[in-house]
Amino acid sequence: MKRFSIYAFIAFTLTMIIPMPGRFVYGVVLALEFNFLVLFGSLINSFINKLKLNKLKSFLYIFFFIIITVLFRQILKITQPEIALTLGILTFFPSVSIFLLGYIFTNSEKKLSEKIKIDMKDSLFYTIYLLVFYLFRDIVGYGTFTFFGANHQIYQKVLFDSSKLSFTSIFASLPGSLAATAIIMYVYFFLKNKFQIIKNAE
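Residues numbered from 1 in each chain as written. Predicted model: local features only at pLDDT ≥ 70, side-chain atom pairs only at ≥ 80, totals over all residues. Heavy atoms only, no water.

Student: Got a minute to help me understand the environment of Val25 in this structure?
Tutor: One can find Val25 in helix 2 (residues 24–51). Judged by its relative accessible area of 0%, Val25 falls in the buried class. Each C-alpha atom of the pair Val25 and Tyr134 lies 8.2 Å from the other, and the pair is 109 residues apart in sequence. Apart from residues no more than four positions distant in its own chain, Val25 is found in contact with Ile83, Thr146, Phe147, Phe148 and Ile154. (Helix = DSSP H or I, 4+ residues; strand = E, 2+ residues; numbered from the N terminus. Buried < 20%, exposed > 50% of the residue type's maximum accessible area, 1.4 Å probe, protein only. Contact = heavy atoms within 4.5 Å.)

Here it is, written out as structure tokens:
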């Protein structure tokens, strides 16, 4: 799968955005977990190649990803119990997303430092997309801004009464998320194609 193809965007959105609570603070947590798993996946890839355990590759990836996700959940329960309780089993979705995007199955022959550099550069793109989307849903859909607060609580700043702007609250819903995803992807690929045409004409 090409990492920035429309199929990659759909796979990433269906696993990292659509099923999740549409608050910015949850997006930050999921972005941290996603990047941590990408980095960890690169290290596992190097470990497997050095020990020539290619026949056990799929099993080892699943085994280690489950361990690191459970560890992440435990840390989250200690530091942010409210977020951990809300996300629950959804914390396993970033692992699914990484498998669908093919991060851990590409660039396997490259040096570890080079693979990490490539993978983290690509994950940064998806992280920005993820955070912008969650911020948009939080502000426009709910009329709030959420982040990590004191005493392991979620900080919430009410920006406006979303009930008075009923047409914006649709973005807090599942259909609204799908509509926003379609708009973002259309704009992205439209601009991408335009820039590619300009580049080819030069």
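Student: What's the story with unusual backbone geometry in this structure? I'm lost.
Tutor: The phi torsion of most residues other than glycine is negative, and most of the peptide bonds are trans. The phi dihedral of Asn151 falls on the positive side, at around 55°, and the residue is not glycine. Within the fold, Asn151 resides in the loop between strand 1 (144–148) and strand 2 (154–158). Within the chain, His152 stands out as a residue other than glycine whose phi angle is a positive 60°. By relative accessible area, His152 is classed as partly exposed at 41%.

Student: How do you make sense of the packing of aromatic side chains when you look at a structure like this?
Tutor: Geometrically, a pair of aromatic rings is defined through the distance of the ring centres and the angle of the planes. Considering all chains together, one arrives at 16 aromatic pairs under this definition. In this structure an aromatic cluster arises from ring pairing among Phe40, Phe59, Tyr61, Phe63, Phe64, Phe65 and Phe99. Directly above the ring of Tyr142 sits Arg23, whose terminal nitrogen or CZ lies 3.8 Å from the centroid. (Phe/Tyr/Trp six-rings, centres within 6.5 Å; stacked < 30°, edge-to-face > 60°. Lys NZ or Arg CZ within 6 Å of the ring centre and 35° of its normal.)

Student: I keep staring at the pairing of strand 2 and nothing clicks. Help me out?
Tutor: A regular strand places its side chains on the two faces of the sheet in alternate fashion. Here strand 1 runs beside strand 2; their pairing, made up of five bridges, is antiparallel. Each residue of the ladder has a partner; that of Phe145, found in strand 2, is Lys157. Between the end of strand 1 and the start of strand 2, which pair antiparallel, lie five residues, with Asn151 showing a positive phi angle near 55°. (Pairing = 2+ DSSP bridges.)

Student: Which parts of the structure should I look at to understand the nonpolar core?
Tutor: Soluble, globular proteins show a tendency: their nonpolar side chains are buried together. In terms of nonpolar packing, the biggest core is built from 39 residues, with Phe12, Phe34 and Leu130 touching the most fellow members. Looking at this core element by element, the count peaks at 12 residues for helix 2. (Core = buried A, V, L, I, M, F, W, Y, C linked by side-chain atoms within 4.5 Å.)

Student: Please explain the pattern of salt bridges as it appears in this structure.
Tutor: Between side chains of opposite charge, a pair can form as their charged atoms come close. The final tally for this structure, using the stated rule, is one salt bridge. Arg23 is the partner of Asp138 in a salt bridge, and the nearest nitrogen-oxygen pair spans 3.6 Å. One end of the pair, Asp138, is in helix 6 (residues 112–142); the other, Arg23, is in the loop between helix 1 (6–16) and helix 2, and 115 residues separate them in sequence. Pair check on accessibility: Asp138 and Arg23 agree, each one buried. (Salt bridge = Lys/Arg side-chain N within 4 Å of Asp/Glu carboxyl O.)

Student: Sorry, what's going on with the packing of helix 3 (residues 57–79) against helix 5 (residues 93–101) here?
Tutor: For any two helices packed against each other, one specifies the inter-axial angle together with the distance between the axes. Helix 5 packs onto helix 3 with a crossing angle of 145° between their chain directions and a minimal axis gap of 10 Å. Regarding helix 3 and helix 5, the two cross each other, and that crossing is right-handed. Only Ser95, Ile98 and Phe99 of helix 5 make contact with helix 3, whose side of the interface consists of Tyr61, Ile62, Phe65 and Thr69. (Axes fitted to C-alpha atoms, helices over the stretch in contact; angles between N-to-C directions. Left-handed = near helix turned anticlockwise from the far one by under 90°.)

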